[in-house]
Amino acid sequence: MSQTRFSMETLDSLAQANRIRNPELSRRYAVQAMVQAKQGKNPKELAQAYLINGMSCSSNYMDSGFLFYNKALRIFDSINYTLGKIRV
């Protein structure tokens, strides 16, 4: 999975689709999103990756999900991207 580059929307969909029936796979897609976003250096993608990680963590009862949501909101605020803030 780490060799294939997916769009953030695809990784988001895959993480959401698997978060209940296969939480471990959901986390792997979330981590993949974070790795790709950090390599790409695009703030919007990085915020989306934090959002995906937050969703994956919170659906698996992990408190760190709130930290990821907070980071996503800060980035969305810094780039004035209101659609991202609405989603959080």
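Residues numbered from 1 in each chain as written. Predicted model: local features only at pLDDT ≥ 70, side-chain atom pairs only at ≥ 80, totals over all residues. Heavy atoms only, no water.

A. How the structure looks around the overall build of the protein. The number of helices and strands found in the protein is 5 helices and 0 strands. Starting at the N terminus and ending at the C terminus, the protein contains elements arranged as α-α-α-α-α. What you see for the protein is a C-alpha radius of gyration of 12 Å, in line with the 12 Å of a compact globule of 88 residues. Taken across its 88 residues, the protein has 39% of its residues classed as buried. Here the protein has roughly 5400 Å² of accessible surface; of this, 53% comes from carbon and sulfur atoms. (Helix = DSSP H or I, 4+ residues; strand = E, 2+ residues; numbered from the N terminus. Rg over C-alpha atoms; globule rule 2.2 N^0.38 Å. Buried < 20%, exposed > 50% of the residue type's maximum accessible area, 1.4 Å probe, protein only. Areas by Shrake-Rupley, 256 points an atom, 1.4 Å probe, with all protein chains shown as cover.)

B. Up close: the side chain of S56. Relative to the assigned elements, S56 resides in helix α3 (residues 43-59). S56 has contacts with S26, R27 and A30, leaving out every residue within four places of it along the chain. (Contact = heavy atoms within 4.5 Å.)

C. Summary view of helix α2 (residues 23-40). Here α2 spans 26 Å end to end across 18 residues, near enough to the 26 Å set by a 1.5 Å rise per residue. When we look at burial in α2, the residues that qualify are L25, S26, R27, Y29, A30, Q32, A33, M34, Q36 and A37. Positive phi shows up at K41, right after α2, with a value of about 60°. (Expected span 1.5 Å × (residues − 1).)

D. Inspection of the packing of aromatic side chains at higher detail. Counted under the stated rule, the structure contains 2 aromatic pairs. Each ring, one from F76 and one from Y81, has its centre 5.5 Å from the other, and the planes form 35°; the classification is tilted. Judged by its relative accessible area of 23%, Y81 is partly exposed. (Phe/Tyr/Trp six-rings, centres within 6.5 Å; stacked < 30°, edge-to-face > 60°.)

E. Just the nonpolar core, in detail. Grouped together as the largest cluster of nonpolar side chains are 20 residues, with contacts concentrated most on M8, A33, A49, Y50 and I52. Elements with a minimum of two residues in this core: α1 (8-18), α2, α3 and α4 (64-78). Take this core: its biggest share by element is 7 residues, from α3. If sequence neighbours within four positions are ignored, Y50 has contacts with M34, K38, F68, K71, A72 and I75. (Core = buried A, V, L, I, M, F, W, Y, C linked by side-chain atoms within 4.5 Å.)

F. How the structure looks around the packing of α3 against α4. Their axes nearest at 7 Å, the elements α3 and α4 cross at an angle of 160°. Here α3 is positioned roughly antiparallel relative to α4, judged by the angle of their axes. Remark: the crossing between α3 and α4 carries left-handed chirality. Residues P43, K44, L46, A47, Q48, Y50, L51, N53, G54, M55, C57 and S58 of α3 pack against S64, G65, F68, Y69, K71, A72, I75 and F76 of α4. A per-class count over the contact of α3 with α4 returns 12 nonpolar, 6 polar and 2 charged. (Axes fitted to C-alpha atoms, helices over the stretch in contact; angles between N-to-C directions. Parallel < 35°, antiparallel > 145°, perpendicular 65-115°, else oblique. Left-handed = near helix turned anticlockwise from the far one by under 90°. Nonpolar A, V, L, I, M, F, W, Y, C, P; charged D, E, K, R; others polar.)

G. A look at unusual backbone geometry. Phi angles above zero are rare outside glycine, and K41 is one such case at about 60°. Relative to the elements of secondary structure, K41 occurs in the loop between α2 and α3. The exposed category is assigned to K41, whose relative accessible area is 72%. Despite not being glycine, N80 has its phi angle at roughly 55°, a positive value. Relative to the elements of secondary structure, N80 occurs in the loop between α4 and α5 (82-87).

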